[in-house]
Amino acid sequence: MRAAPLDGVKVLEAATLFAGPLAATFLGDFGADVTKIEHPARPDAARTHGASKDGVGLWFKTLGRNKRIATLDLSRGRDVFLDLVRTQDVLVENFRPGTLERWGLGPDVLLAANPRLVIARVTAFGQVGPWSNRPGFGSLAEAMSGFAAVTGEPDGPPTLPPFGLADGITALATAYAVMVALRERDRSGAGQVIDMAIIEPILMMLGGGITAYQQTGYVQPRLGNRSSNNAPRNVYKTADGRWVAVSTSSQSIAERVVTLVGRADLVAQPWFATGRERAQHADELDDAVGSWIAERPLDEVMAEFEKAEAAVGPVHDIRGIMTDPQYAALNTIVAVDDDELGGPVQMQNVLFRLSESPGSIRWAGRPHGANTDEVLAEIGVSPEQLAALRAAGVV
């Protein structure tokens, strides 16, 4: 096996919560040397999000994996931070616009210190515009992007997801932007600034709504689990109280599903010929599919759909995910040894599999300040200087 694809790329993460840190996690999973900088007195709030065990935040074990953890107050440790920046390839930061500039650490200063630096600036609303200086989180992006407006039941309110969807999409987009900027640096030799607004990547994922509205005035309504593009498409309850999702995005799959449930006669209907026309008859199709599924337990439903080569999937909670044979075959969930929790910690594996240079999880998220001494020693901070910085609360 060759070295990891990003071996030798050094990433400095000065970001909190989810979008920026998760982007750095994606880079670290494929070999980048990621150093996460936290405030010495105010650790990343992500450490306290979600479940914990013995006072240790569990989600941070995933979010902080493959990262060295150091502390530094950027507002008072400007010179130390610049020394760190001089050794890095990438900086990921998510301070509100103007904050780094106020500390004398704006992009002009950072690029003067390291002209090859790629600076990824991740904020809710971007670096410019009337909202740029407002506080914001992924939930606002999920609302402003139109996602919430089309999510939920037709007679219910707009619905926000119960997890950081916009942050996760932004993290993927940021990691991609960093790789594009590094590729450009290979050609030009110069770094640059990435302006990543959390409200934008999720908007791209919502499809052709902008073009449809501009061209026809169409505004997508809330449809619950249904789709305006195909039917049957819904979740259905089995005889043993489980749920399955059925999708018929292709014509051939739609024909197989209705044939399986004993309604092959529907295929001959003129309206069955396209997904959008089928969607106009969702009540009839849901009744046919739902009543068939309701008479059978989950295992039988899954087996019959498999024989018919029709698309179905169980609606898992976390217990189902942990025992699903497909996830097991893909090695999607892995165990990582962790001294802080005294044993193996299970988490999601890296995002994709490379045949010759795969990524890996080398360690789980570490405690606050775990690598401060090591990181600062690498830029020439002596033990005496480190002690003085610590005494002053700078690290």
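Residues numbered from 1 in each chain as written. Predicted model: local features only at pLDDT ≥ 70, side-chain atom pairs only at ≥ 80, totals over all residues. Heavy atoms only, no water.

As recorded by an unreviewed UniProt entry, the protein carries the name CoA transferase and is attributed to Kribbella pittospori. The Sequence similarities (unreviewed entry) comment attached to the protein in UniProt states, word for word, "Belongs to the CoA-transferase III family." (UniProt positions renumbered as here; feature names shortened; annotations may be inferred.)

A. Representation of the overall build of the protein within the structure. Of the regular secondary structure elements, the protein holds 17 helices and 13 strands. Once the C-alpha set of the protein is aligned to its principal axes, its extents read approximately 80 × 50 × 40 Å. Among the 395 residues that make up the protein, the fraction classed as buried is 44%. At a minimum sequence separation of 6, the contacts of the protein that also span at least 24 residues come to 68%. (Helix = DSSP H or I, 4+ residues; strand = E, 2+ residues; numbered from the N terminus. Buried < 20%, exposed > 50% of the residue type's maximum accessible area, 1.4 Å probe, protein only. Contact = heavy atoms within 4.5 Å.)

B. The layout of surface pockets, seen in detail. Within this model, the second largest pocket holds a volume of roughly 770 Å³. The element contributing the most residues to the lining of the second largest pocket is helix H9 (residues 209–216), with 4 residues. Of the residues that constitute the lining of the second largest pocket, the class distribution is 12 nonpolar, 12 polar and 3 charged. (1 Å grid on protein atoms, 1.4 Å probe; cavity = no way out; pocket = protein on both sides within 12 Å on 5 of 7 lines; lining within 4 Å. Points joined across faces, edges and corners; volume = space filled by probe spheres on them. Nonpolar A, V, L, I, M, F, W, Y, C, P; charged D, E, K, R; others polar.)

C. Expanded view of the environment of Pro325. By the element assignment, Pro325 lies in helix H15 (residues 325–330). Among the residues examined, Pro325 registers a relative accessible area of 62% and is labelled exposed. For the pair Pro325 and Leu165, spaced 160 residues apart in sequence, the C-alpha separation works out to 26 Å.

D. Layout of the sheet that holds strand E6 (residues 90–93). The 6 strands are arranged E5-E2-E1-E6-E7-E8 in an open sheet whose pairing can be described as parallel. For this open sheet the edge positions go to strand E5 (67–71) and strand E8 (192–197), each flanked by a neighbour on one side alone. The mean inter-strand angle of the sheet, taken between neighbouring strand axes irrespective of direction, is 20°. Pairing of strand E1 (residues 10–14) with strand E2 (residues 33–38) involves 4 bridges; the strand directions are parallel. (Pairing = 2+ DSSP bridges. Axes fitted to C-alpha atoms, helices over the stretch in contact; angles between N-to-C directions.)

E. Structural view of the pattern of salt bridges. In the structure shown here, the tally under the stated rule is 27 salt bridges. A salt bridge links Glu13 to Lys36; the shortest N-O distance between them is 2.4 Å. Of the two residues, Glu13 is situated in strand E1 and Lys36 in strand E2; the sequence distance between them amounts to 23 residues. For the residue pair Glu13 and Lys36, the accessibility class agrees, reading buried in each case. Across the salt bridge formed by Glu374 and Arg68, the nearest N and O atoms sit 2.6 Å from each other. A residue pair is termed long-range when its members are at least 10 positions apart, and Glu374 in helix H16 (residues 372–377) and Arg68 in strand E5 qualify at 306 residues. (Salt bridge = Lys/Arg side-chain N within 4 Å of Asp/Glu carboxyl O.)

F. Fine view of unusual backbone geometry. For the peptide bond that leads from Ala231 to Pro232, omega is 0°, which places it in the cis range. In this structure, Pro232 sits in the loop between H9 and strand E9 (234–237). One non-glycine residue with positive phi stands out, namely Glu309, at about 55°. Inspection of the secondary structure puts Glu309 in the loop between helix H13 (298–307) and strand E11 (312–314). The class of Glu309 is exposed, set by a relative accessible area of 56%. Here Asn331, not a glycine, exhibits a phi torsion of approximately 60°, which is positive. Residue Asn331 is classed as partly exposed on the basis of its relative accessible area of 42%.

G. Inspection of the nonpolar core at higher detail. Counting 44 residues, the largest nonpolar core has Val11, Val90 and Ile194 as the members making the most contacts within it. Here this core takes 10 residues from helix H7 (residues 165–188), the largest share from any one element. The residues contacting Val90, other than those within four sequence positions of it, are Val9, Lys10, Val11, Leu12, Leu117, Val118, Val178 and Leu182. Listed in part, the 25 residues of the second largest apolar core include Leu12, Leu82, Leu84 and Leu389. (Core = buried A, V, L, I, M, F, W, Y, C linked by side-chain atoms within 4.5 Å.)

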